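# Summary of structural features
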Amino acid sequence: MFSRRIAVVGAGYVGLTTGACLASLGHSVVCADTNVEKVKRLRSGRVTILEPGLEKLLVEGMAAGRLEFAASAREAVSVPDKPVEVLFLCVPTPMGATGAADLGPVAAVAREVRDLLPSGCVVVNKSTVPVGTAEATRRLLGRKDVAVVSNPEFLREGSAVEDFLHPDRIVVGCDAQDAAEKVAALYSKLGAPAVLTDAASAEMVKYAANCFLSMKLSYVNALAELCERLGADVADVTEGMGYDRRIGQAFLQPGPGWGGSCLPKDTHALLQVAAGVGLDFSLVAASLATNDRQRTLMVDKIRTAVGGDLAGQQIGLLGLAFKAGTADLRGSPALAVAAELHAQGAVLTGYDPGVPEGVPGVTDAVRVVDDPSMAAKDAAALVVLTEWPEFRALDWRALSSVVAERVVVDTRNLLDSDVLRRAGFSWIGVGRR
Ligand code: UGA
């Protein structure tokens, strides 16, 4: 069977998913991370991120002898008798102070491994990096016999394994055709269309896709506001739009604003990159401004729902994560709304099925509880901020007897308004009639 020896540097949700999935495709993979505790946990077959299917693949990969872990990139590429053929860079590229991507972690790994890579090895950049990074990495490596390829990932948190194993496309960019083909062949079992291009174009694809998605969401959030003002219903409008195959139904759900650790970062980065070459990409800037405004609109909605003043009002929050299916709080619109509610004097109790009490990352503004009825207790309003399906199945009749006022502001249009009304609640959605 066709199999390569692969090193994956960075065992975050992208790196770990990449490593475990490549092992499941039959490759021999070593995953490196500098967090010693994490490596120890992974070696014992435990995954701490909430990612369906990942732990199973991890355990299977290790049992089959195709997946192992190392505590540094250096260690990963120095396993005796197992010369690395392909090295994936899956390190974070956080947003720097200016909004541009910080390439420090990529550069650090390049320096660490440059003298250790065997001749003919291919270095693959999977992290979202500005156009030109493959070229910069090639210079940092300073090795004529090692090609650098850009192979952006399109995984969503919460469905990363599914996305990896059933991709819409594989994008591989390199100025050396043979290296690009070698990387594309790693995924050949998946049967997805492969776009082989130059490194700069491949790097651009990732930003282009994420910014397009964020614009789609800002557009739908602005449409929701317009629907409210004109007495139209955004759910029917998006359904009517979405049947158009050129538009599609996906990513048409209005919400409290889009967030997470990717869309905001990449949108800011694209703006920076454009500004760097003198292009005023006002379309993207407007998408960001619309997103900031969306949070304020949600706070206004909640303030109106509790009678016009948030000071001293007890508000129960349902959902804290940036989207359902993940415990990730980074860039969470729910937390942004909570911060503004808190600033206006509201007293907040929050429940999220993925976020345990005492979890780091939640501001002091929110008291996190582990039961939705505790979040509802004495609340002047309940606010749905994350679209966890289990919120639909809550016992709304029981909740109606613990709240102070039977008001629900549903920023995700998640709940069944009829069920809520039958339980005595007034339900306020986004852009709904
Ligand atoms: C996003 C992209 O969807 C992935 O393709 C990409 O690989 C990833 O970024 C990345 O760059 O690593 P992710 O950050 O996991 O994935 O989250 P999304 O599922 O895209 O959701 C982003 C935000 O949009 C969330 O706050 C979500 O609640 C919101 N959203 C999404 C809506 O408000 N409405 C929708 O209809 C869809």
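Residues numbered from 1 in each chain as written. Predicted model: local features only at pLDDT ≥ 70, side-chain atom pairs only at ≥ 80, totals over all residues. Heavy atoms only, no water.

### What about the packing of helix 9 (residues 199-230) against helix 10 (residues 234-242)?
Condition: Here, axes are lines fitted to C-alpha atoms. For helices the fit covers the stretch in contact, and angles between N-to-C directions go from 0 to 180 degrees. Runs of H or I in DSSP of at least four residues are treated as helices and runs of E of at least two as strands, each being numbered from the N terminus. Angle categories: roughly parallel below 35 degrees, roughly antiparallel above 145, roughly perpendicular from 65 to 115, and oblique for all the rest. The sense of a crossing depends on the near helix, which, turned anticlockwise from the far helix by less than a right angle, makes the crossing left-handed and, turned clockwise, makes it right-handed. The criterion used for residue contact is that any of the two residues' heavy atoms lie within 4.5 Å.
The geometry of helix 9 relative to helix 10 is characterised by a closest axis approach of 9 Å and an angle of 135 degrees between their N-to-C directions. Here helix 9 is positioned oblique relative to helix 10, judged by the angle of their axes. The way helix 9 lies across helix 10 gives a crossing that is right-handed. Within the contact between the two elements, helix 9 uses Y219, V220, L223, A224 and C227 and helix 10 uses V234, V237, T238 and M241.

### Digging into the side chain of K323
Let me state the cut-off plainly: Here the term buried applies to any residue with accessible area under 20% of the maximum for its type, exposed to any over 50%, and partly exposed to those in between, with areas from a 1.4 Å probe on protein chains only. Note on charges: Lys and Arg go in the positive column, Asp and Glu in the negative column, and His and the chain ends are not counted at all. Salt bridge, as applied in this entry: a Lys or Arg side-chain nitrogen positioned within 4 Å of an Asp or Glu carboxyl oxygen. For this analysis, a polar contact is any N or O atom pair within 3.5 Å, provided that within protein one partner can donate a hydrogen and the other can accept it, and provided that sequence-adjacent residues contribute only side-chain to side-chain pairs.
Note on placement: K323 falls in the loop between strand 9 (314-318) and helix 13 (333-343). E157 provides the closest opposite charge to the buried, salt-bridge-free K323, at an N-O distance of 6.5 Å. Here E157 takes part through its backbone oxygen, which lies 2.7 Å from a polar atom of the side chain of K323. Non-local contacts of K323, meaning those with residues more than four positions away in its chain, are made with R156, E157, T386, E387 and R412.

### A closer look at the nonpolar core
When a protein is soluble and globular, its nonpolar side chains tend to lie buried together. For the record, the criterion: What we call a nonpolar core is a set of buried Ala, Val, Leu, Ile, Met, Phe, Trp, Tyr and Cys residues that are connected through their side-chain atoms within 4.5 Å.
L22, F88 and Y187 are the most contacted members of the largest nonpolar core, which has 42 residues in total. Here the element with the most residues in this core is helix 1 (residues 13-24); it accounts for seven residues. Leaving out residues up to four positions away in the same chain, Y187 has contacts with L22, F88, K126, N151, F164 and I170. L320, A338, L341 and V366 belong to the second-largest nonpolar core, a separate cluster that totals 31 residues.

### Some details on the packing of aromatic side chains
Here is the rule we go by: Only rings of Phe, Tyr and Trp enter the pairing, Trp through its six-membered ring, and a pair is recorded when the two centres are within 6.5 Å. The plane angle decides the type: under 30 degrees is stacked, over 60 is edge-to-face, the rest tilted. To sit over a ring, a charge needs its Lys NZ or Arg CZ within 6 Å of the ring centre and within 35 degrees of the ring normal.
Applying the stated criterion across every chain, the model contains three aromatic pairs. Aromatic side chains F164 and Y187 sit 5.8 Å apart centroid to centroid with 45 degrees between the ring planes, which places their arrangement in the tilted category. Of the two residues, F164 sits in helix 7 (residues 160-165) while Y187 sits in the loop between helix 8 (177-186) and strand 8 (194-197), which places them 23 residues apart along the sequence. When its relative accessible area of 4% is taken as the criterion, F164 is described as buried. The ring of F154 has R169 sitting right over it, with the charged end atom 3.5 Å from the ring centre.

### Things to note about the domain arrangement of the chain
Spelled out, the test is: Residue ranges assigned to each domain were obtained from an automatic or database domain assignment. When two parts are put together, the accessible area they lose, computed with a 1.4 Å probe and summed over both, is reported as buried area. Residues are grouped as follows: Ala, Val, Leu, Ile, Met, Phe, Trp, Tyr, Cys and Pro are nonpolar; Asp, Glu, Lys and Arg are charged; every other residue, Gly included, is polar.
When the domains of the chain are assigned, the result is domain 1 (5-197) and domain 2 (231-433). Taking only C-alpha atoms into account, the centre of domain 1 sits 34 Å from that of domain 2. Looking only at domain 1, the three residues that lose the most surface to domain 2 are L50, M95 and E157, adding up to 49% of its buried area. Where domain 1 touches domain 2, the interface holds one salt bridge. Between R330 and E157 there is a salt bridge; the shortest N-O distance is 3.6 Å. Viewed at the interface, domain 2 and domain 1 are joined by three residue pairs in polar contact (both at pLDDT 80 or more). Per-class residue counts for the side of domain 1 that touches domain 2 are seven nonpolar, five polar and two charged.

### Topic: unusual backbone geometry
One non-glycine residue with positive phi stands out, namely D81, at about 65 degrees. Looking at the element boundaries, D81 is found in the loop between helix 4 (73-76) and strand 4 (86-89). Although it is not a glycine, F251 sits at a positive phi angle of roughly 60 degrees. Note that F251 resides in the loop between helix 10 and helix 11 (263-276).

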